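One-letter residues, chain by chain:
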Amino acid sequence: MSFHEVRFPASLSFGSAGGPERRTEIVTLANGHEERNSPWAHSKRRYDAGLGMRSLDDVQLLIAFFEARMGQMYGFRWKDWSDYKSGLSGAEVQYDDQEIAFGDGVTVDFSLVKVYRSGLHTYARPISKPVAGTVRIGVAQDEMTNTIDYVVDETSGLVTFAHPPEPEHPITAGFEFDVPVRFDTDHIHTNMASFQAGDVPDVPIVEVRV
């Protein structure tokens, strides 16, 4: 996939609106009961970046970014201000925020995930775009040292250990992350008179699989 490892201006995404989307197929049976199925293992997120435009300078910044991505052609990173950390948004990233796997004495590659919990149910979201310099890794309650004990591929979210963690040792991680997205339109329509009157353009953004 064509993807640019560059983040959409965070100052513009701060005022955006959006969130996760699921696809559920529902069939109502003759007896009134329902059969529900989802063809998506993972949710996709959608945003409207137009709501973050506050000035004409912001609009010019948006257009420059849009043109450099050639509309929908190239994906890019997006900071979702409502969900961009392994732990709570107001807390510092800790190496034990998320339990991502257990060692087996052989495997050295592990993917970052963020687990969402509600009651007895959980959902593990793959994290493919961690923010460089924010990833912290732990094994068996001990924090590891980056570039010595492990390295992180910030373009894929893959953690590679110098030596395989021992069997049954929990592997934990903390990180900030971006969402891989693209523009969901090939057209930006801006009316300066309307914008100055408070009418912002629609700039749809959609998450992509990478």
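Look above for the structure.
Below: a short report on this structure. Everything numeric in this text was worked out from a predicted model, so none of it was measured.

1. Some remarks on the packing of aromatic side chains
Per the counting criterion, the structure on display carries 15 aromatic pairs. Ring pairs connect the aromatic residues F8, Y47, F65, F66, F76, W78 and F183, which therefore count as one cluster. Directly above the aromatic system of F3 lies the positively charged group of K129, at a separation of 4.2 Å from the ring centroid. Directly above the ring of W40 sits R209, whose terminal nitrogen or CZ lies 5.9 Å from the centroid.

2. Remarks on the environment of D149
Tracing the chain through its elements places D149 in the loop between strand 12 (142–143) and strand 13 (150–153). Of the residues examined, D149 reaches a relative accessible area of 27% and is grouped as partly exposed. Linking D149 and P164, residues 15 residues apart in sequence, is a C-alpha distance of 9.8 Å. For D149, the residues in contact, after removing those within four places along its chain, are M144, T160, F161 and A162. In terms of polar contacts, D149 uses its side chain to reach the backbone amide nitrogen of T145, at 2.7 Å.

3. Overview of the pattern of salt bridges
Within the structure shown, the criterion is met by 11 salt bridges. In this structure, the salt-bridge partner of E143 is R136, at a minimum N-O distance of 2.8 Å. Overall, E143 belongs to the partly exposed group, its relative accessible area being 37%. Note on R136: relative accessible area 26%, which makes it partly exposed. Notably, a salt bridge pairs D184 with R182, separated by 3.1 Å at the nearest N-O pair. Take D184: its relative accessible area is 30%, and that puts it in the partly exposed class. Among the charged side chains, a network of salt bridges with common partners joins E5, R7, R77, K129 and D178.

4. Thoughts on the pairing of strand 9 (residues 113–118)
On a regular strand, one side chain projects to one face of the sheet and the next to the other, so that they alternate. Alignment of strand 9 against strand 10 (residues 121–126), held across six bridges, turns out to be antiparallel. Within the sheet, the bridge partner assigned to V115 lies in strand 10 and is A124.

The rules behind these values
Residues numbered from 1 in each chain as written. Predicted model: local features only at pLDDT ≥ 70, side-chain atom pairs only at ≥ 80, totals over all residues. Heavy atoms only, no water. Phe/Tyr/Trp six-rings, centres within 6.5 Å; stacked < 30°, edge-to-face > 60°. Lys NZ or Arg CZ within 6 Å of the ring centre and 35° of its normal. Helix = DSSP H or I, 4+ residues; strand = E, 2+ residues; numbered from the N terminus. Buried < 20%, exposed > 50% of the residue type's maximum accessible area, 1.4 Å probe, protein only. Contact = heavy atoms within 4.5 Å. Polar contact = N/O pair within 3.5 Å; in protein donor to acceptor, adjacent residues only side chain to side chain. Salt bridge = Lys/Arg side-chain N within 4 Å of Asp/Glu carboxyl O. Pairing = 2+ DSSP bridges.

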